[in-house]
Amino acid sequence: MQTFLVTGGVGFIGSNFILKARKEQWANIINLDKLTYACNPQTLAELQNDPGYYFVRGDISDTEMLGYLLERYQPDAILNFAAESHVDRSILSPLDFIQTNVLGTFQLLEASKAYWEKLSPEKREKFRFLHVSTDEVYGSLSPTDPAFREDTPYAPNSPYAASKAGSDHLVRAYYHTYGLPTLTTNCSNNYGPRQFPEKLIPLITLNALNAKPLPIYGDGQNVRDWLYVDDHCDAIQLVLQQSRLGETYNVGGNNEQNNLTVVEEICEVLDKLAPKPGLRRSDLITFVKDRPGHDRRYAIDCSKIKRDLGWEPKENFDSGLLKTIQWYLNNPNWVEEVQSGAYQTWIEQNYSDRQVASSPI
Ligand code: NAD
Ligand code: TYD
C-alpha cells in the first residue's frame, strides 16, 4: 500500500480525506498538523489504534522536522491541506496567512524537492506533490460571468485568497523550474461533518440549534458553489492517481446558492429534526454589516476533471446538508470541545461591532 504524508489532516477537509483513505485502503497516512485553533485534536480519535495511521504535531514551516519525517517514512505522495483558511480572520490577521500559506508551502516544497531528488529512479518516477487550493484565487464573478475555468486569470481579493494564490504560483514554479511532480486542485466551498463553526454552514447550524441570531453579511445574495466534502476527497484521490504531471483541476459542486437560501434551508431542516416549541428558526435571521471586499459570486466550471478523469459530484445539496446537520446533532461533545474560550473570543471579535438589522443593510 502507498504511504501519504498529509499536512493539515486534523482540519475539516484533511480529516475527512484521512478517514476515507483509511476506510477505502487508499494508503497509510502520516498526518502532520500544527493543531491550530481551527481543529479539534479529538477529530481523528477513532484512528488511534489504526496501525496505518500516525499523527505528528508540527508546522509545515519546520524544515528540520520535515526532513526527518520524509526520511523516516518515505512517503509516495505529499498532500498539502495545511492552511489558514478563514477569510474573516485573514482580514483581521493577514500575517498568519502569509506565514503558513505562502512561507509554509515554500518550505514544504523545498523539503519535498530535496527528498524527491534523492529517491531511487523508480520511486522518483511515481512520487507526487498535491496542493489543495481554492476557487477564491480567481476573484469574484458577476451574475452573468461564465464560471471559473483552469485558465481564468488569478485575481484574488482577500488576504486569504492572495496567500493561496501565492502558494499555487510557488507550486507551479517548482514543477516548471525543478520538475517536481506537482498537481493542484482548486475547489469551491466545501460543507460536511467536522467543519470548524466559524464557516457559514456549521456556524448557522449551531446558532440555529441554540436559538441564537443567524448573522448574514450584507444582503445575503452572495453566491457560493457548495460541494460535499466526500466528493472533494474523491476528486483529490483521482487527481493524485491518474492526472498527468503539472496539471491543475477545478473541482466544484454544480450547485450555486445564495447565502440567504442556504441559511433558510438549514433553518427548515432544523425545525424538522430538532423542533423548539414556539420557535421558527428563520425568524433568527439577522442581516449584519458586510465583510470588506466580499466576493459576490464564485462558480466552477469542472468540465476538465469530468472529461479527463471522469469525476463528477455524487451528493446533492439537500441530502448532503441533511447528513451534515445530522452529524452536528449527533456529536455534541465535539461541538462543545471546539466552542471553547478561544472560539468565544473570535465570535466576539468578528460579530460584536457589526451593525444589526432585520432586513438587508
Ligand atoms: P481547516 O482550517 O479546517 O484546517 C486546516 C488545518 O491545517 C488545521 O488542522 C490546522 O491545524 C492545520 N494547519 C494550519 N497551519 C499549519 C501549519 N503551519 N503547519 C501544519 N498544519 C497547519 O481548513 P480546511 O477547510 O480543511 O481546508 C483545507 C485546505 O483546503 C486549505 O488549504 C484550504 O485553503 C483548502 N480549501 C478549503 C475549502 C473549504 O471550503 N473549506 C475549499 C477549497 C479549498
Ligand atoms: P465562509 O463559510 O466564510 O466561506 P468563504 O468566505 O470562504 O466563501 O462564508 C461563506 C459565505 O457566507 C460568504 O459569502 C460569507 C457569508 N457569511 C455570512 O453571511 N455570515 C457569516 O457569519 C459567515 C461566517 C459567512
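Procedures and definitions
Residues numbered from 1 in each chain as written. Chains lettered and ligands numbered in written order. Predicted model: local features only at pLDDT ≥ 70, side-chain atom pairs only at ≥ 80, totals over all residues. Heavy atoms only, no water. Buried < 20%, exposed > 50% of the residue type's maximum accessible area, 1.4 Å probe, protein only. Helix = DSSP H or I, 4+ residues; strand = E, 2+ residues; numbered from the N terminus. Contact = heavy atoms within 4.5 Å. Pairing = 2+ DSSP bridges. Axes fitted to C-alpha atoms, helices over the stretch in contact; angles between N-to-C directions. Near = heavy atom within 4 Å. Polar contact = N/O pair within 3.5 Å; in protein donor to acceptor, adjacent residues only side chain to side chain. Areas by Shrake-Rupley, 256 points an atom, 1.4 Å probe, with all protein chains shown as cover. Nonpolar A, V, L, I, M, F, W, Y, C, P; charged D, E, K, R; others polar. UniProt positions renumbered as here; feature names shortened; annotations may be inferred. Salt bridge = Lys/Arg side-chain N within 4 Å of Asp/Glu carboxyl O.

Caption draft 1: Focus on helix α7 (residues 200–209). Across the 10 residues of α7, 8 count as buried, placing the element largely inside the fold. Within the sequence span of α7, burial applies to Ile201, Pro202, Leu203, Ile204, Thr205, Leu206, Asn207 and Ala208. Looking at the buried positions of α7, the neighbouring elements they touch are β7 (190–191), β8 (214–217), α9 (259–273), α11 (317–330), α12 (332–338) and α13 (341–351).

Caption draft 2: Representation of the sheet that holds strand β2 (residues 27–33) in the model. Reading across from one edge, β3-β2-β1-β4-β5-β6-β11 is the order of the 7 strands in this open sheet, with parallel pairing throughout. A strand with exactly one partner marks an edge of an open sheet, and here the two such strands are β3 (53–57) and β11 (248–251). Averaged over all pairs of adjacent strands, the angle between their axes in this sheet comes to 20 degrees, without regard to strand direction. Across 6 bridges, strand β1 (residues 2–7) lies against β2 in parallel orientation. Paired with threonine 3 across the bridge in β2 is asparagine 28.

Caption draft 3: Quick look at the site of ligand 1. As a matter of local geometry, ligand 1 sits amid 28 residues, with Ile13, Asp33, Ser85, Tyr160 and Lys164 nearest to it. Measuring from an oxygen atom of ligand 1, one finds a backbone N or O atom of glycine 11 at 3.0 Å. The contact in question runs from an oxygen atom of ligand 1 to an N or O atom on the side chain of tyrosine 160, over 2.7 Å. A total of 830 Å² of accessible area belongs to ligand 1 in isolation, and the protein chains cover 97% of it. Contributions of two or more residues to the shell around ligand 1 are made by α1 (12–23), β5 (128–134) and α6 (159–178). Per-class residue counts for the shell around ligand 1 are 13 nonpolar, 11 polar and 4 charged.

Caption draft 4: Structural view of the UniProt feature "domain: NAD(P)-binding" (unreviewed entry) in the chain. Summarizing the sequence annotation, UniProt attributes the feature "domain: NAD(P)-binding" (unreviewed entry) to residues 5–321 in the numbering used throughout. Between the C-alpha atoms that bound residues 5–321 there is a distance of 30 Å. The span itself is 41% helix and 17% strand.

Caption draft 5: Structural detail: the pattern of salt bridges. As enumerated under the stated definition, the model contains 21 salt bridges in all. Between glutamate 24 and lysine 20 there is a salt bridge, with its nearest N and O atoms 3.1 Å apart. Accessibility expressed as a relative area gives 40% for glutamate 24, which makes it partly exposed. Among the residues examined, lysine 20 registers a relative accessible area of 13% and is labelled buried. When salt bridges that share partners are traced, they join Lys20, Glu24, Asp234 and Lys314 into one network.

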